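So the chains spell out like this:
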Amino acid sequence: MSAPNAAPTASALTTATTATVPDDARALAARLARLFQADQEIVVRLNDAHHRLAAANDRLWIGLTVDPLAVHQHIHRAFWIYQHASEQRRQLAVDVGELAQQLTDTLTAAGYSRQQARSANVDALAAGTWQPTEGREDQR
């Protein structure tokens, strides 16, 4: 048994945190983490479309193209990829905003400050290892 004045161990802190964070907050955080991963994948597609457009533009200006129709199709396809990815990202932003608000509301209902809730690391929260930076509001 540890001494009464000894600092809590890391495992004790983790257990205390997971016990005080509602399960639905951890589930919301996991959903947000997945959406953030999806956003990263969309950004890769946006960057790819940008590179395709730049390459087609370079071919036009340098004069390396012998088939203007092929370059036109290349540009059209790159624009389509860009527009499609942009729309997916817009829809994803709506979902992220709604889930972030739900997570903030859930954590504040559990006694955490709005600042703590808004700055929570969703990966750590989902894993049950999140440590808020300040004390809970009900402990002040």
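Residues numbered from 1 in each chain as written. Predicted model: local features only at pLDDT ≥ 70, side-chain atom pairs only at ≥ 80, totals over all residues. Heavy atoms only, no water.

Draft legend 1. Structural context of the packing of aromatic side chains. For the structure on display, the rule yields 1 aromatic pair. Seen in terms of ring centroids, tyrosine 112 and tryptophan 130 are 5.1 Å apart; in terms of plane orientation they differ by 55°. Their pairing is tilted. Within this pair, whereas tyrosine 112 is found in the loop between helix H3 (68-109) and helix H4 (114-119), its partner tryptophan 130 is found in the segment after helix H5 (122-127), the two being separated by 18 residues in sequence. With relative accessibility at 2%, the residue tyrosine 112 sits in the buried group. (Phe/Tyr/Trp six-rings, centres within 6.5 Å; stacked < 30°, edge-to-face > 60°. Helix = DSSP H or I, 4+ residues; strand = E, 2+ residues; numbered from the N terminus. Buried < 20%, exposed > 50% of the residue type's maximum accessible area, 1.4 Å probe, protein only.)

Draft legend 2. Just the nonpolar core, in detail. Residues Val21, Leu103, Leu107, Leu125 and Trp130 are the most contacted members of the largest nonpolar core, which totals 23 residues. Contributing elements (two or more residues each) for this core: helix H2 (23-62), H3 and H5. Per-element accounting of this core gives the leading share, 8 residues, to H2. In this structure, leucine 107 is in contact with Val21, Pro22, Ala25, Tyr112, Ala117, Ala120, Leu125 and Trp130, ignoring residues within four places of it in sequence. (Core = buried A, V, L, I, M, F, W, Y, C linked by side-chain atoms within 4.5 Å. Contact = heavy atoms within 4.5 Å.)

No statement about biological role is implied by the geometric values presented.
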